[in-house]
Amino acid sequence: MTEQDLRAIVRQALAKVAPETAAMEIEADGPLREEYDLDSMDFLNFIIGLHKATGVEIPETDYPRLGTLAGALAYLEERRGQA
Amino acid sequence: MADFRMPSLGADMEAGTLIKWLKQAGETVKRSDIIAEVDTDKGAIEIEVFEDGVIEEIVAQPGEKVPVGRTLARIRTAGIAPAPAPAPPREAAQVTAATAAGAPAGEPGPPSPRRAGAPPPAHVAASPAARRRATELGLDLRSIAGTGPHGAITLADVEGTAAAAAAPAPAPARQQAMRRAIASAMAKSKREIPHAYVTTTIDMFRAMAWLRAENERRSVGDRLLPAVLLLKAVATAVPDVPEVNGYWLEDRLQPTSTVHLGTAIALRGGGLISPAIHDVGQRDLGALMRGLADLVARARSGALRGSELTDATITVTNLGDQGVDGVLPIIYPPQVAIVGFGRIVERPWVVDGRIEPRPVLNASLSFDHRAVDGHRAGLFLASVDRRLQAPGVL
């Protein structure tokens, strides 16, 4: 899975909970919850979307690392490398 | 025979527009089957039937705006023989469906599609294909603007009118309508209900520690949110102070024995809706979480059911995600109480004479002082607090 594939997965998971982001430029280091008004249910669904698409187990304690686009990409890349 | 009527899906609702029928005349229906979709100020809502039987007659047609309480269809309930076949269409049958359903005589109304089967009048200029299609769709040619030669109605005019009638309102119009509906309900509540408030701060240390441990053993898709503990704590506290759960109707409190929790859900793009999760006290936390996730998803995609908008007996609003410390919410009439939660945040807290950082939560109860006394309201919040100190038994 390339970085491009992972980026597409993250974008897709985000667009599923915040459809308006599908056509937007996402700032790599922007806080996703604040910028796209994600509540805790949205954020959990975002995490579930990433888990379903990649198979990566994401413990709750790691949620803060997935709070930005860049953070989510780095996290998924790291965890896939460990698998 | 039972009339299936346009339900009231909130104190502020006066009418709804029928989007489509999911069952047709002659089909068997069972209690709680979803048989129609209705467009309201709060979005598209699926409407359930409350009897077992057979649909004898479809009265309202897709695209019609139907006042609350008017008949949408007639249902032959078990043990009743079918009605005789309808007589051939007569001129008198060509009144609009809205009038046929009982609109006051002489009251002008918006153009309304005709009942299916009624032949369109001959004096309106229309192509044969348009005439045929209008009859198939049950549309009144006089309600369609013609764009053909000399204003004649074309097939495209008929199709366009049918599509426009069945389409839900566009987003900006819907948002304005929802804003008006919220304004009306909230103003009515503040005008008519003598609100009073109690607040407390709850130590969430045990609840959050329990939740962390619980979520560690759950897979990603099965994890619980703190909101689920709060909902369960509210529902299970109700039996301690039952007068917070029910309705103020006919100048008296009408308490209910079941707890259907209205859950305020913010919609993306603005507005909010408060559908009910049924029988919250009877569900385990996993089932409650699945119910909440399902309800939020359906509220945001416009697929709520009518009963979910009418059955709430007490409401919870949780603004913790918005970073506020607390909220004093307005009661949804005819309910008599609403619980408000702020964010769970670490604060200095005195434990056994020492100051420690602890996750704490501000909780409030707005209550109708006609139905509930301040002392009892305080007992209710104390009961919620007590339950959150023993999360393992929620």
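Residues numbered from 1 in each chain as written. Chains lettered and ligands numbered in written order. Predicted model: local features only at pLDDT ≥ 70, side-chain atom pairs only at ≥ 80, totals over all residues. Heavy atoms only, no water.

Draft legend 1. Examining the packing of aromatic side chains more closely. This structure, assessed with the given rule, holds three aromatic pairs over all chains. When the centroid spacing of 5.8 Å and the interplanar angle of 45 degrees are considered together, the rings of Phe43(A) and Phe46(A) count as tilted. Separated by three residues within a single helix, Phe43(A) and Phe46(A) lie in helix α3 (residues 40–54), roughly one turn from each other. Taken as a pair, Phe43(A) and Phe46(A) share a single burial class, namely buried. Both rings, one in Phe43(A) and one in Tyr63(A), keep their centres 6.1 Å apart while their planes meet at 75 degrees; by these two values the pair is edge-to-face. Of this pair, Phe43(A) sits in helix α3 while Tyr63(A) sits in the loop between α3 and α4 (69–82); the two residues are 20 residues apart in sequence, bridging distant segments of the chain. Judged by relative accessible area, which is 13%, Tyr63(A) ranks as buried. One aromatic cluster in this structure is built from Phe43(A), Phe46(A) and Tyr63(A). Residue placement shows Arg358(B) over the ring face of Phe205(B); its charged tip is 4.1 Å from the ring centre. (Phe/Tyr/Trp six-rings, centres within 6.5 Å; stacked < 30°, edge-to-face > 60°. Helix = DSSP H or I, 4+ residues; strand = E, 2+ residues; numbered from the N terminus. Buried < 20%, exposed > 50% of the residue type's maximum accessible area, 1.4 Å probe, protein only. Lys NZ or Arg CZ within 6 Å of the ring centre and 35° of its normal.)

Draft legend 2. Just the packing of helix α6 (residues 226–237) of chain B against helix α9 (residues 374–388) of chain B, in detail. Residue and element names in this part refer to chain B. At their nearest, the axes of α6 and α9 sit 8 Å apart, and the two run at 130 degrees to each other. When the axes of α6 and α9 are compared, the pair comes out oblique. Judged by the sense of rotation from one axis to the other, the crossing of α6 with α9 is right-handed. Between α6 and α9, the contacting residues are Leu 229, Leu 230, Ala 233, Val 234, Thr 236 and Ala 237 on the first element and Phe 380, Ser 383, Val 384, Arg 387 and Leu 388 on the second. When grouped by side-chain class, the residues that make up the contact of α6 with α9 number eight nonpolar, two polar and one charged. (Axes fitted to C-alpha atoms, helices over the stretch in contact; angles between N-to-C directions. Parallel < 35°, antiparallel > 145°, perpendicular 65-115°, else oblique. Left-handed = near helix turned anticlockwise from the far one by under 90°. Contact = heavy atoms within 4.5 Å. Nonpolar A, V, L, I, M, F, W, Y, C, P; charged D, E, K, R; others polar.)

Draft legend 3. View of the pattern of salt bridges. All told, the structure shown has 28 salt bridges over all chains when counted by the stated rule. Between Arg79(A) and Asp62(A) there is a salt bridge; the shortest N-O distance is 3.7 Å. Within this pair, whereas Arg79(A) is found in helix α4, its partner Asp62(A) is found in the loop between α3 and α4, the two being separated by 17 residues in sequence. A relative accessible area of 23% means that Arg79(A) is categorised as partly exposed. Each of Glu20(A), Asp39(A), Asp42(A), Arg268(B) and Arg300(B) takes part in salt bridges that share partners, so that together they form one network. (Salt bridge = Lys/Arg side-chain N within 4 Å of Asp/Glu carboxyl O.)

Draft legend 4. Up close: the side chain of Glu243(B). All names here are of chain B. Tracing the chain through its elements places Glu 243 in the loop between α6 and β10 (246–249). The exposure class assigned to Glu 243 is buried, which follows from its relative accessible area of 16%. A distance of 2.7 Å separates a polar atom in the side chain of Glu 243 from a polar atom in the side chain of Arg 376. Once residues within four sequence positions are removed from consideration, Glu 243 is found in contact with Leu 253, Val 336, Ala 371, Val 372 and Arg 376. (Polar contact = N/O pair within 3.5 Å; in protein donor to acceptor, adjacent residues only side chain to side chain.)

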